[in-house]
Amino acid sequence: MAKAAKVPAQDPFTFAVIKSALDTIVDDMAYTVMRTARSSIVRDVLDYSCTLCDAEGLILAQAKTVALHLGAVPDAIAAMLAKFGNDLAPGDVIIFNDPYNGGMHLPDIFMFKPIFLGGQLQGHAVVIAHHCDVGGRVPGSNAADSTEIYQEGLRIPPLKLYSKGAANETLPRLIRQNVRLPDLVIGDLEAQLATCSIGEREFCRLLERYGAAESRGYFTRLIDYGETLTRKAISAWPDGTYRFTDYIDGDGLVDQRIPIVCAITVAGDHLTVDFTDSSTQVKGAINSTLSFVKSATYLTIRCALDQDVPNNAGVYRCITVTAPKGSILNPEIPAAVAARALTGYRVVDVVMGALAQIVPQRVVAAGEGGNTVIAFGGRDAETREPFILVDMINGAWGARADKDGIEGVTNPSQNMSNMPVETLEDRFPILVEEYGFRQDSCGAGKYRGGLGLVRQYRLLAPGAMMQIRADRHDHRPYGLFGGGSAAPSRNALNPDDRLEVLPSKVTREITAGVVLRHEQAAGGGYGDPLARDPKAVLADVLDEKISADFASTQFGVVVDAAHMAIDDAATGKLRRDKAAARSGD
């Protein structure tokens, strides 16, 4: 781009253009990862994130990628700058994944590329990707039943992958030697590197067009703008402290419910979110680093703000997040953290539950509890090549104040995708025997929750290590304001033969022909089920999302056999049977 004349300070049109340019750059970065990544979990499931930061490490813009990653960037970049802040140069690239030094869990590898222009540090391009394997005791490095960080894989402190443009040959060799699928892992690192270079190039073009000093002024204003809009919204909320408690089924080792407790204090234009009464850290790998807890909290509060609030560091200035050291939300080393995402999803649920008491029209009932992770690792029967499938099943939203929950989509905290069956079967020795909606799983309400999903797998390889990381088996997704809870999750081996019901978290060896069926929890309802439009109930019956019996017992709407085939719900003869509905509760 040709360099333009110096712009007037704080010109509103230039401000809008620069804001949109930053948003475009990070989204272009996201598309680059998608186009260049090697592994299915990054390329197809979309478990990655991109962002741009200023020279001090403050987030300027976030791509429309995994929201749960990005709120952890402030702690991550602080760790990187603490190590290399006085030793950064053009051409440097830093990676790390250490949960106890700015990271989240070992499969998520952070990559930072400092951006220089005119010999001065101007910003940072950041890409986080969930790698298909980083070693450890189980394929995929994501088991819920590991008991210390040392079992979970290769732990990388902040290290330079490139120094002044020169490759560090030792680090990739060390990574290759310690992972099960080195070509995919290195390929995804190369995709991250290419993406950081795209971010660097476009960020420098922006600086060259408007001038580095002028651009920095607009960056500061953009962050301040995010803070101003956030404080304006919070100042309209009623002061006070609002509490909510939810539970995790267990840690995969001990079958005992684990409380996650949130207290949001609204004081003027600032929020304090305290998790003091939550569980102490547990033996299993569902402990969550504080950086991840902050991220889950930030994004949930952001969901309650207006759409035009920019996703940048200004939002974080308005929110203080605390959790006691040694708790499940701020564990001490060597606690295992590989399955920490599950706990992050419950943080989202409890923060949303507390927000429901503050801004009830801006929240949703509980969804499926976060994605379910189903993993199979073994060797192909013919080629003897290793394979690792990490399938993340994204299911259902809870109902909203004016709309039903959505089904078959990512949890609001993720922005991820369900892997297509055709892709899964083409790349892995696994047959998907069923994939669809789970009838009658939604929470009833004036607006019903989204339906859960069913995914059934048959192993075609001689054997494999199977891992399940699920939840909401014992503690169903909650409804709001009279809405019903959704159906719980369910895992079973060989459902049509030698049925074996499994707990929500499992790691075990299986053999060829074994069938795993996962029935995901669904979304909770919002409002009184008896206030639901009978035509909407009939439409769900005709679509086979709910049964006639469910319509009667949950909504008090009787649909007789003569009307099951009516295409136009408006002509259906419907009547309410409130007694039946109440007994159905």
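Residues numbered from 1 in each chain as written. Predicted model: local features only at pLDDT ≥ 70, side-chain atom pairs only at ≥ 80, totals over all residues. Heavy atoms only, no water.

**Student:** Mind showing me how you'd approach the nonpolar core here?
**Tutor:** It is characteristic of soluble globular proteins that their nonpolar side chains tend to be buried jointly. Counting residues in each nonpolar core, the largest one holds 162 residues, and the members touching the most others are Trp237, Phe275 and Phe376. At eleven residues, the largest contribution of residues to this core is made by helix H6 (residues 182-210). Leaving out residues up to four positions away in the same chain, Phe376 has contacts with Phe387, Ile388, Leu389, Ile430, Tyr457, Ala464, Met465, Met466, Ile510 and Leu516. Within the second largest apolar cluster, twelve residues are counted, among which are Cys442, Ala444, Ile546 and Val559. (Core = buried A, V, L, I, M, F, W, Y, C linked by side-chain atoms within 4.5 Å. Buried < 20%, exposed > 50% of the residue type's maximum accessible area, 1.4 Å probe, protein only. Helix = DSSP H or I, 4+ residues; strand = E, 2+ residues; numbered from the N terminus. Contact = heavy atoms within 4.5 Å.)

**Student:** Would you take a moment to explain the packing of helix H8 (residues 290-303) against helix H10 (residues 340-355) for this structure?
**Tutor:** How two helices pack is summed up by the angle between their axes together with the distance between the axes. Packing of H8 against H10 brings their axes to within 9 Å, and their N-to-C directions diverge by 40°. Our pair here, H8 against H10, has a crossing hand that is right-handed. For the pair H8 and H10, the contacting residues are Phe292, Val293, Ala296, Thr297, Leu299, Thr300 and Ile301 in the first and Arg340, Ala341, Gly344, Val347, Val348, Val351, Met352 and Leu355 in the second. (Axes fitted to C-alpha atoms, helices over the stretch in contact; angles between N-to-C directions. Left-handed = near helix turned anticlockwise from the far one by under 90°.)

**Student:** Help me out: how do you make sense of the packing of aromatic side chains in this one?
**Tutor:** Two descriptors summarise a pair of aromatic rings, namely the distance from one centre to the other and the angle between the planes of the rings. If you walk through the whole model with that rule in mind, you get ten aromatic pairs. When the centroid spacing of 5.4 Å and the interplanar angle of 10° are considered together, the rings of Phe96 and Phe110 count as stacked. Of the two residues, Phe96 sits in strand S3 (residues 93-96) while Phe110 sits in strand S4 (residues 108-117), which places them 14 residues apart along the sequence. You can call Phe96 buried: its relative accessible area is 0%. Ring geometry for Phe203 against Phe219: centres 5.5 Å apart, planes inclined by 25°, an arrangement best described as stacked. Residue Phe203 is found in helix H6, and its partner Phe219 is found in helix H7 (residues 212-235); the two are separated by 16 residues along the sequence. Each member of the pair, Phe203 together with Phe219, is buried. Through a chain of ring-to-ring contacts, the aromatic side chains of Phe96, Phe110 and Phe112 assemble into a single cluster. (Phe/Tyr/Trp six-rings, centres within 6.5 Å; stacked < 30°, edge-to-face > 60°.)

**Student:** Quick question: what am I supposed to make of the pairing of strand S17 (residues 490-493) here?
**Tutor:** Two faces make up the sheet, and in a regular strand the side chains alternate between them. When S17 meets strand S20 (residues 515-519), the two strands line up antiparallel, connected through four bridges. Across the sheet, residue Asn491 finds its bridge partner in S20, namely His518. Pairing of S17 with strand S18 (residues 500-502), which is carried by three bridges, proceeds in the antiparallel orientation. Among the inter-strand pairings, Ala492 is bridged to a residue of S18, identified as Val501. Taking the residues that link successive antiparallel strands as the turn, the S17-S18 hairpin has six residues, and the phi of Asn494 there is positive, at about 45°. (Pairing = 2+ DSSP bridges.)

**Student:** What am I meant to see in the layout of surface pockets here?
**Tutor:** Where empty space is left can be seen by rolling a probe of water-molecule size over the atoms. Of the volumes computed, that of the second largest pocket is approximately 330 Å³. Contributing to the lining of the second largest pocket are 19 residues, with Leu184, Phe387, Ile388, Arg427 and Phe428 lying nearest its centre. Among the elements of the structure, helix H2 (40-43) and strand S13 (386-393) are those that each provide at least two residues to the lining of the second largest pocket. A total of five residues in the lining of the second largest pocket trace back to one element, the largest contributor, which is S13. Tallied by class, residues from the lining of the second largest pocket come to eleven nonpolar, three polar and five charged. (1 Å grid on protein atoms, 1.4 Å probe; cavity = no way out; pocket = protein on both sides within 12 Å on 5 of 7 lines; lining within 4 Å. Points joined across faces, edges and corners; volume = space filled by probe spheres on them. Nonpolar A, V, L, I, M, F, W, Y, C, P; charged D, E, K, R; others polar.)

**Student:** Even after reading the chapter, I still don't get H6, so can you show me in this structure?
**Tutor:** An α-helical turn contains 3.6 residues, so any two residues separated by three or four positions project in the same direction. For H6, built from 29 residues, the straight-helix expectation of 42 Å at 1.5 Å per residue is met to within 8% by its first-to-last C-alpha distance of 42 Å. Positive phi shows up at Gly211, right after H6, with a value of about 90°. (Expected span 1.5 Å × (residues − 1).)

**Student:** Explain unusual backbone geometry here, please?
**Tutor:** For residues that are not glycine, phi is negative in most cases, and the peptide bond is trans in most cases. A cis amide bond links Ile333 with the next residue in sequence, Pro334, at an omega value of 15°. A positive phi angle is found at Phe481, which is not glycine, with a value near 55°. Position of Phe481 relative to the elements: it lies in the loop between strand S16 (463-469) and S17. Here the phi dihedral of Glu544 falls at roughly 60°; this positive angle occurs in a residue that is not glycine. Following the sequence through the fold, Glu544 ends up in the loop between helix H12 (534-542) and helix H13 (548-555). Residue Glu544 is classed as exposed on the basis of its relative accessible area of 60%.

**Student:** Could you clarify how one ought to interpret the environment of Met34 in this entry?
**Tutor:** One can find Met34 in helix H1 (residues 12-36). Linking Met34 and Phe96, residues 62 residues apart in sequence, is a C-alpha distance of 21 Å. Among all residues touching Met34, those that are not within four sequence positions of it are Arg43, Leu46 and Tyr48.

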